[in-house]
Amino acid sequence: PAYEFFGVACPEPTATLDEPVVVGGTAEGHNYAHWLLRSLLKFWLLDIARVPTEVPILVNNDLNRFQKEYFDLLGISRTRLMGVRLDAVLRCREL
């Protein structure tokens, strides 16, 4: 059954995340230019904003090699990455 969020019918979440997370993935994540311009900057800004390194980053569960390599270049541990299916609906208590 759907529920409403700001008056919009939404599918029921498949999971609830109680800990803070960073939303890092995008639906166009496999397009190199889109990912570079829309996502990569966010990951670099995490350090500048002093987001604690233990806060997980939600990413597509099927990252490309170039994406993994950029995380390595930025010094973001792959253990910090929380892979999520593109069709997943998550309820996040804190973003």
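Heads up: these notes are all about the structure in this document. Within each chain, residue numbers correspond to sequence positions counted from 1 in written order. The model is predicted, so local features are restricted to residues of pLDDT at least 70 and side-chain atom pairs to those at 80 or more, both for listing and for counting; the totals for chains, interfaces and linings are taken over all residues. Side-chain metrics rest on all non-hydrogen atoms present in the structure, leaving aside hydrogens and water.

### Here we look at the side chain of Arg-80
When you line up the elements, Arg-80 lands in the loop between helix H2 (65-74) and strand E6 (81-84). Working definition: with a 1.4 Å probe on protein chains only, accessible area under 20% of the residue-type maximum means buried, over 50% means exposed, and in between means partly exposed. Within this scheme the basic residues Lys and Arg register as positive and the acidic residues Asp and Glu register as negative, but His and the chain ends are omitted. Counted as salt bridges are all cases of a side-chain nitrogen of Lys or Arg within 4 Å of a carboxyl oxygen of Asp or Glu. Although buried, Arg-80 forms no salt bridge, and the nearest oppositely charged side chain, Glu-54, lies 7.6 Å from it. Every residue pair with non-hydrogen atoms within 4.5 Å of one another is taken to be in contact. Once residues lying within four places of it in the same chain are set aside, the contact partners of Arg-80 are Leu-46, Val-51, Pro-52, Thr-53, Val-55, Pro-56 and Ile-57. For the purposes of this entry, the term helix denotes a DSSP run of H or I that reaches at least four residues, the term strand denotes a run of E that reaches at least two, and both are numbered from the N terminus.

### Observations regarding the environment of Gly-83
Structurally, Gly-83 can be placed in strand E6. For the pair Gly-83 and Ala-9, spaced 74 residues apart in sequence, the C-alpha separation works out to 25 Å. Other than its neighbours up to four places away in sequence, Gly-83 contacts Val-59, Asn-60 and Asn-61.

### What to know about H2
Within H2 the residues assigned to the buried category are Phe-66, Gln-67 and Phe-71. Down the axis of H2, the buried set is contained in an arc of 145°. They therefore lie on one face. Those residues of H2 that are exposed and aimed more than 90 degrees away from the buried face are Arg-65 and Leu-73. Phi turns positive one or two residues past the end of H2, at Gly-75, with a value near 75°. Read the arc as the range of directions from the helix axis to the C-beta atoms.

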